[in-house]
Amino acid sequence: MPAMYSQAVDLGLDGRVALVSAATKGIGLAIAQALAAEGARVAVVARTSEDVQRVGAELKGHGVAADLLTTAGCQAAVQETELALGPIEILVNNLGTRAGSSWQDTGPEQFSSAFAGNLLPAAALTELVLPGMRERGWGRVIVISSIWGREAGGAPAYNAAKAAEISFTRSLAREVAADGVTVNCVAPGSILWAGGGWDRRQKADPDGIREFIEGEMPLGRFGRPQEVADLVAFLCSGRASLINGACIPVDGGQSRSNI
């Protein structure tokens, strides 16, 4: 009887063109590195020209400096990527910003800012690349949300914006699946990287963070950007062809949602 699976897992990403937003540090950088390691031609997008040029060169891809909080910035990111690398086949919407921290400092302005820094850039970039993906009959769109979009918690405005990203993903996935495009969401838990938010908190309050890890992190540690990136690379591959409209937590059991 012939074997159903080979030992080597070829994700089939060699030569695919990918755009990853907010990709010069943390989770975004790890995703760009993972895709490049699989042979994808990766464009990294962020605001700082020096950073994107450096990372783009390291990945043998392309760096695009653009403000994705603006329509013009999203258009420029897509246009420059396609001019340099070719039609975008994989889009990873990783950009995410916070506004407010609790109900005491959150009002309409913070909700507007949170949506402008999370859902709206994802929607704008997706709208720009979808026609080409559908016409070619293949595409992957990934949205990086949060466990605080799957369940209540965290800053209220951020929580609402991340929940909206999950809704966006599910709705769009049903619309475009017949054209060979899958749309999925990844929901990281608390992820630690040098210079990131949890790194700063750990340095400022090591005892408090130790208590947080003991009480909230079943694995006894923070997650790593590479652990999120590995899932994203798989979702971008042909091996994940039946996964569509999903929101998958990468949190080591931190979240408590039953769905």
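Every value quoted in this text rests on a predicted model; they were computed, and no experiment measured them. (Residues numbered from 1 in each chain as written. Predicted model: local features only at pLDDT ≥ 70, side-chain atom pairs only at ≥ 80, totals over all residues. Heavy atoms only, no water.)

Enquirer: Give a detailed account of the overall build of the protein chain, specifying residues and quantitative values.
Expert: Each helix and strand counted, the protein chain has 10 helices and seven strands in total. What you see for the protein chain is a C-alpha radius of gyration of 18 Å, in line with the 18 Å of a compact globule of 259 residues. Seen along its three principal axes, the alpha-carbon backbone of the protein chain occupies a region of about 55 × 50 × 35 Å. Burial analysis of the protein chain (259 residues in total) assigns 49% to the buried set. Carbon and sulfur atoms make up 52% of the accessible area of the protein chain, which amounts to about 12700 Å² in all. Put simply, the protein chain has 22 plus and 27 minus side-chain charges, and the middle of one group is 3 Å from the middle of the other. (Helix = DSSP H or I, 4+ residues; strand = E, 2+ residues; numbered from the N terminus. Rg over C-alpha atoms; globule rule 2.2 N^0.38 Å. Buried < 20%, exposed > 50% of the residue type's maximum accessible area, 1.4 Å probe, protein only. Areas by Shrake-Rupley, 256 points an atom, 1.4 Å probe, with all protein chains shown as cover. Lys, Arg positive; Asp, Glu negative; His and termini not counted. Charge placed at Lys NZ, Arg CZ, Asp CG, Glu CD.)

Enquirer: Just give me the short version of unusual backbone geometry, but keep the residues and values in it.
Expert: At Ala22, a position not held by glycine, the phi torsion is positive, near 50°. With respect to the element layout, Ala22 can be found in the loop between strand 1 (17-21) and helix 1 (26-37). On the basis of relative accessible area, Ala22 is assigned to the partly exposed category, the value being 23%. The phi torsion at Lys60 lies on the positive side, around 55°, for a residue other than glycine. Position of Lys60 among the secondary structure elements: in the loop between helix 2 (49-58) and strand 3 (62-65).

Enquirer: How would you sum up helix 5 (residues 119-136)? Please name residues and give values.
Expert: Because an α-helix packs 3.6 residues into every turn, residues spaced three or four apart end up facing the same way. Spanning 18 residues, helix 5 covers 25 Å between terminal C-alpha atoms, matching the ideal 26 Å at 1.5 Å per step. Largest kink in helix 5: about 40°, centred on Val129, with the proline Pro131 one to four residues after it. Inspection of helix 5 places Leu119, Pro121, Ala122, Leu125, Thr126, Val129, Leu130, Gly132 and Met133 among the buried residues, and these make up the whole buried set. In the stretch just after helix 5, Gly137 is the one whose phi turns positive, near 80°. (Expected span 1.5 Å × (residues − 1). Bend = angle between axes of the 7 residues up to and from the residue.)

Enquirer: Tell me about the side chain of Asp251, residues and numbers included.
Expert: With respect to the element layout, Asp251 can be found in the segment after strand 7 (247-250). Of the side chains with opposite charge, Arg150 lies nearest to the buried Asp251, which makes no salt bridge, at 5.6 Å. At 3.0 Å, the side chain of Asp251 and the backbone nitrogen of Gly253 are in polar contact. Setting aside residues no more than four positions away along its own chain, Asp251 makes contact with Ile147, Gly189 and Met217. (Salt bridge = Lys/Arg side-chain N within 4 Å of Asp/Glu carboxyl O. Polar contact = N/O pair within 3.5 Å; in protein donor to acceptor, adjacent residues only side chain to side chain. Contact = heavy atoms within 4.5 Å.)

Enquirer: Tell me about a positive patch on the surface, residues and numbers included.
Expert: On the surface, Lys25, Arg98, Arg200 and Arg201 cluster together into a positively charged patch. Here Lys25 shows up in the loop between strand 1 and helix 1. For Lys25, a relative accessible area of 60% translates into the label exposed. (Patch = residues over 30% accessible without salt bridge, like charges linked within 9 Å, V, L, I, M, F, W, Y side chains within 5 Å.)

Enquirer: Run through the environment of Asn244, naming residues and quoting values.
Expert: Along the chain, Asn244 turns up in the loop between helix 10 (225-235) and strand 7. Its relative accessible area of 24% is what places Asn244 among the partly exposed residues. Sequence separation between Asn244 and Gly196 is 48 residues; the distance between their C-alpha atoms is 30 Å. Not counting residues up to four positions away in its chain, the partners in contact with Asn244 are Arg170, Ala173, Arg174, Ala177, Val181, Thr182, Val183 and Asn184. A distance of 3.1 Å separates the side chain of Asn244 from the backbone oxygen of Ala173, its partner in a polar contact. Here the side chain of Asn244 touches Val183 through a polar contact of 2.9 Å, landing on its backbone nitrogen.

Enquirer: Would you mind going over the packing of aromatic side chains in detail, with residue names and values included?
Expert: As enumerated under the stated definition, the model contains four aromatic pairs in all. A centroid spacing of 5.1 Å and a plane angle of 40° characterise the contact between Trp198 and Phe222, whose relative ring orientation is tilted. Of the two residues, Trp198 is situated in helix 8 (residues 197-204) and Phe222 in the loop between helix 9 (206-216) and helix 10; the sequence distance between them amounts to 24 residues. Residue classification places Trp198 among the buried residues on the basis of a relative accessible area of 18%. When its relative accessible area of 7% is taken as the criterion, Phe222 is described as buried. (Phe/Tyr/Trp six-rings, centres within 6.5 Å; stacked < 30°, edge-to-face > 60°.)

Enquirer: Please set out the pairing of strand 4 (residues 90-93) residue by residue, giving values where relevant.
Expert: Of the two faces of strand 4, the one lined by Ile90 and Val92 and the one lined by Leu91 and Asn93 are each fully buried. Both strand 1 and strand 4 contribute to a ladder of three bridges, which runs parallel. Each bridged residue has a counterpart across the sheet, and for Val20 the counterpart in strand 4 is Val92. Looking at chain direction, strand 4 and strand 5 (residues 139-144) are connected through four bridges and run parallel. Looking at strand 5, one finds that Val92 is bridged to Ile142. (Pairing = 2+ DSSP bridges.)

Geometric values such as these leave the question of function open.
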